[in-house]
Structure formats: C-alpha cells, structure tokens
Amino acid sequence: MVTDEDMFEAYYNCLKHKGSSPSTINYMLDHRQDLIRLADEINSRTYHPTTSIAFVVTKPKYREVFAANFRDRVVHHLIALRIEPLLEQTFSDRTFNCRKEKGVLYGVDKLKEDIRQCSHDYTRDCDIMRLDMKGFFMSIDKQLLDAMLQEFIKENYDGHDKEEILWLTHVTVMHRPELDCVRRSGMERWNRLPPNKSLFTNGDGKGLPIGNLSSQLFANFLLNPLDWYLEKDLGFPFHGRYVDDFYVIHESKQRLLDAVPEIRKMLREQCHTELHPDKFYIQHYSKGIKFTGSVVKFGRVYPAKRTVGNFMAAIYKLNRAKDVEEIRDCIQSVNSYLGILRHTDSYAIRRRVLGMIDARLWQYIYVKGHFEILCLKEKYKKVEIPWRDKGLQVYYMKDPINWKLLEEDDPVI
C-alpha cells in the first residue's frame, strides 16, 4: 500500500530544480490535497495518467518529445525511488546515461581512458567501433519491457508497496500519451519526422515517450543485457554505452567486425531492436571518435562541430538582444555551452567565439576566468527576495533601479 508519506517523498524528489516552471507552481498551490488523492487512486487502482504536452524539437535534429503532467511526473519519481537502487546493482559500470556520478562527461573520460589502456599508453595499435540503434525509443516493444520489469520487481523488490509498484510500472509502460496530449508544435514539424520516429505513426505497442524520467530508466534497463553481453560473452573489456549509442575498442579490427552480426542477433532476440544500418564507424584510435558531443583523439578531447555551431548560434542570438532582460536570458544559454566546452581542450575556440560578441554589449557584461563564464555586471542583476506564503517559497524579481520592499498585502504571483 502506498502511503501519503511515500507520495510526499516522491513529490519533493520531483520538485528538485523544477520549482520555477509554470506547471510546477500551479501544482504547488494544491499539492497537499492532490498527493493524498493520488495515493488513494493508486491504492484503489483508479489512477490514470493525465494529458501530456507534445512538441517537436529541431536541435540537434528533429525529435518528438512528450512532457508529462507534473502529477504524473510525481508517479514516475515514486517508481524510480523504489526500483532505481535495485537496477543500479545490476547495471554495468559501462553505461553512462541518467545515472548518478556518471553522465556525458564521465562517458567521454571513460572512452579516453579505455583508449589509453587498450593501446598500452598509445604504444600499440587498436581500433574503435561505434554503433547506434535504429529509432530506439520509438521501437521499444512495450510488452517485452513490461514483462522484464514485472519479473525483475517480483524477484528483487520486497517493499510494503510492492503490488502498487508492480501495477504502476505496468500502467506507465503501457500508457499511450499520443492518445491524450496537447500539441505545442505545428504539424509542419511533425511532417518532417519519419513514421518510425513518432508515437503517432510507429505502430501499436511500440515506443516510449522521450522526455519522461521513467522512459530513460526503463530504456537503460532494457539495454542492460547488451552491456554484459559485450563484456562476458564476446570478451570485450573496453566498451561503453550512452542510451543507444555505444562503442567497443579492441586490438583486432577483424575481431570487431566479426562481432557485429553477433551483436545484431542478440539485440533482435533479447531486446527486439535493430542496429542502425548507416550509423557505423570503425577506425584506428589516432583518427579520433565522436561520442556524446565530443571528439576524443590522441590524448585530447575537442568539442564536436555541432556543439561549436550551437555555441556560435547562442552568441548571434545574444548580439540581437534589445534590452537587459533579453541579455540576461541569452547569457544563460551561452553559459550552458561554456559549461560543456570548458571540459574539453577548447580555450582557443571559446576565446574566438566570445570575441564575436557585439561591442555595444560589453557595457552590460564581462568574461570571468579563462573564457569560462559570461557574467552580467552587478548593477544590471535582479534581486531575489524570498517570500513565504502558505509554506511555499516564492521569489519576487525586481530590477535594482526600481526595487522596493514588498509589503504583506502585495499580490502573490
């Protein structure tokens, strides 16, 4: 049985780093009552996922995304809190996505270290093979995934809410958000997607919505057998995976090529997914390899061209800013790219691209460190005033020039 305390735990976990989004603020206004109702609905098996928001992003490529209602995201976090620690015990150290103390940078560092070890400190030859899967998220077999999760939970989870977690996992996996959603992108964007890249056209019983925490967790679980297959069955100690993009390193190029049919067969039989026929790369390690937005070469790491291009686009947008408010927003985007780039050997790139900033903007901004952070000058920053209302933390933003102390009867935004 799910308790009210369980729901509040999931709620506060879901709330982290999302306290300023409109959907979060709306839910916060009545969260106590709704969390109690949600617990009752789960225990009585009357819970149903609500309307999602669907849209198509254009960068780095056209991709369909579903954003679940905040209420449903609380359920996703409840599931994750219960089964993620158990899944982590079964996951290989060679998978990097959506895991604590891992991620994109960890994956790049691991690849760099694997090259060094396999080549015996760059003194011997070795080759790198990189493979990808065809329309992975949209091709996931829901029935297969649901059966795998049900078996795993039954064998490994013994909590007081075991039956409820089993049921919630089934409901979440089998949910079809495309039948109840609000589209926030024009149809011209959907028309650019191939049929196998959308939940609306990929076929019944297939696909998980990109954008949900549960989808990332479940997808990692589905491909976990691949990680162990590469290491234990095929005998490749140097490999790594980020979602459906993975690499294998070995001293013998022919051994890598011979393994491709075996990998393809394993994925078809155990995961019901296919290798992408066109996304295949194999080269000597000195040629470099692109992985998770970086290019790893002989003892150094560069940002991928697409990452640099997006960084330049953020600078161009900053140059078009018309007032301080727009400058603030653009700086956040620029700094997100600087945060990525400063983990690579990109000092010259950062210096060159930041040098493209329009001269008129330097009266508002300055560069901190070794071209690492773009900052707004102090006199143009906003002041954050914490204000408590009914136990909720609300932030009122005022420009310093027009700032005044808020009174108790000022309206709550």
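Right above here is the structure, for reference.
Participant: Would you mind going over the pattern of salt bridges with me for this structure?
Facilitator: Side-chain pairing between opposite charges can occur once the charged atoms of the two side chains come close. For the structure shown, the criterion picks out 22 salt bridges. With a shortest N-O distance of 3.6 Å, K110 and D93 are connected by a salt bridge. Taken together, the residues K110 in helix α5 (residues 104-118) and D93 in the loop between α4 (70-90) and α5 connect sequence positions 17 residues apart. On the accessibility criterion, D93 (36% relative accessible area) is partly exposed.

Participant: What's the story with the pairing of strand β6 (residues 245-250) in this structure? I'm lost.
Facilitator: Along any regular strand the residues' side chains alternate between the sheet's two faces. Among the six residues in β6, five count as buried, and that is most of the element. Both strand β5 (residues 238-242) and β6 contribute to a ladder of five bridges, which runs antiparallel. Across the sheet, G240 pairs through a bridge with Y247, a residue of β6. Connecting the antiparallel pair β5 and β6 is a turn made up of two residues, with V243 showing a positive phi of about 55 degrees.

Participant: Which parts of the structure should I look at to understand the pairing of strand β12 (residues 373-376)?
Facilitator: One ladder, built from four bridges, connects strand β11 (residues 365-368) with β12; its direction is antiparallel. Note on β12: the bridge partner recorded for V367 is L374.

Participant: I keep staring at the packing of helix α3 (residues 31-43) against α4 and nothing clicks. Help me out?
Facilitator: The relative placement of two packed helices comes down to the angle between their axes together with the axis-to-axis distance. At their nearest, the axes of α3 and α4 sit 11 Å apart, and the two run at 60 degrees to each other. Between α3 and α4, the crossing angle belongs to the class labelled oblique. In the packing of α3 onto α4, the handedness of the crossing is right-handed. In this structure, α3 contributes D34, L35, R37, L38, E41 and I42 to the contact, and α4 contributes R71, V74, V75 and L78. Per-class residue counts for the contact of α3 with α4 are six nonpolar, no polar and four charged.

Participant: Looking at this structure, I do not really get helix α7 (residues 142-156). What am I missing?
Facilitator: Residues spaced three or four apart along an α-helix point in a common direction, a consequence of the helix completing one turn every 3.6 residues. Over its 15 residues, α7 runs 21 Å from end to end, which matches the ideal 21 Å to within 8%, given 1.5 Å per residue. All buried positions along α7 are accounted for by K142, L144, L145, D146, M148, L149, Q150, F152 and I153. The inward-facing, buried residues of α7 abut α4, α8 (162-174), α10 (213-233) and α11 (253-271). Between the side-chain oxygen at the start of α7 and the backbone nitrogen of Q143 there is a gap of 3.0 Å, and the oxygen is on D141.

Participant: What is the right way to read empty space enclosed by the protein from this model?
Facilitator: Here the structure, examined in full by the defined rule, presents one cavity of 30 Å³ or more. Here the largest cavity is characterised by a volume of approximately 140 Å³. Of all the secondary-structure elements, those providing two or more residues to the lining of the largest cavity are α4, α8 and α10. Looking at the lining of the largest cavity, the element that brings in the most residues is α10, giving three residues. Its residues assigned to classes, the lining of the largest cavity shows eight nonpolar, eight polar and one charged.

Participant: Teacher, can you tell me more about the state of the cysteines here?
Facilitator: Formally, a disulfide is one covalent bond, and it connects the sulfur atom of one cysteine to the sulfur atom of another. Using the criterion set out here, one finds zero disulfides in the structure. The closest cysteine sulfur to the non-disulfide-bonded C181 is located on C14, 20 Å from its own sulfur.

Participant: Before we go on, may I ask you to explain unusual backbone geometry in this structure?
Facilitator: Most peptide bonds take the trans form, and the phi angle of most residues other than glycine is negative. Although it is not a glycine, E101 adopts a positive phi angle of roughly 65 degrees. Following the sequence through the fold, E101 ends up in the loop between α4 and α5. The exposure class of E101 is exposed, given its relative accessible area of 76%. Although it is not a glycine, Y122 adopts a positive phi angle of roughly 65 degrees. When you line up the elements, Y122 lands in the loop between α5 and β3 (127-133).

Participant: Is there a simple way to think about the layout of surface pockets in this case?
Facilitator: Left-over empty space is what a probe sized like a water molecule reveals as it rolls over the atoms. What the largest pocket holds in volume is close to 1,400 Å³. Lining the largest pocket are 36 residues, and of these P60, K61, R63, Y242 and R306 sit closest to its centre. Looking at the lining of the largest pocket, the elements that each hand over two or more residues are β2 (63-67), β3, α6 (136-139), β7 (275-284), α12 (305-319) and α13 (324-341). In terms of residue count, β3 provides more of the lining of the largest pocket than any other element does, four residues in total. Here the lining of the largest pocket is composed, by residue class, of 18 nonpolar, six polar and 12 charged.

Participant: Help me out: how do you make sense of α12 in this one?
Facilitator: Taking 1.5 Å per residue, 15 residues should reach 21 Å; α12 reaches 21 Å between its end C-alpha atoms and fits that length. The complete set of buried residues in α12 reads T307, V308, N310, F311, M312, A314, I315, L318 and N319. Where α12 is buried, its residues touch β10 (300-303), α13, α14 (347-354), β11 and β12.

Thresholds, definitions, all that
Residues numbered from 1 in each chain as written. Predicted model: local features only at pLDDT ≥ 70, side-chain atom pairs only at ≥ 80, totals over all residues. Heavy atoms only, no water. Salt bridge = Lys/Arg side-chain N within 4 Å of Asp/Glu carboxyl O. Helix = DSSP H or I, 4+ residues; strand = E, 2+ residues; numbered from the N terminus. Buried < 20%, exposed > 50% of the residue type's maximum accessible area, 1.4 Å probe, protein only. Pairing = 2+ DSSP bridges. Axes fitted to C-alpha atoms, helices over the stretch in contact; angles between N-to-C directions. Parallel < 35°, antiparallel > 145°, perpendicular 65-115°, else oblique. Left-handed = near helix turned anticlockwise from the far one by under 90°. Contact = heavy atoms within 4.5 Å. Nonpolar A, V, L, I, M, F, W, Y, C, P; charged D, E, K, R; others polar. Expected span 1.5 Å × (residues − 1). Polar contact = N/O pair within 3.5 Å; in protein donor to acceptor, adjacent residues only side chain to side chain. 1 Å grid on protein atoms, 1.4 Å probe; cavity = no way out; pocket = protein on both sides within 12 Å on 5 of 7 lines; lining within 4 Å. Points joined across faces, edges and corners; volume = space filled by probe spheres on them. Disulfide = S-S within 2.5 Å.

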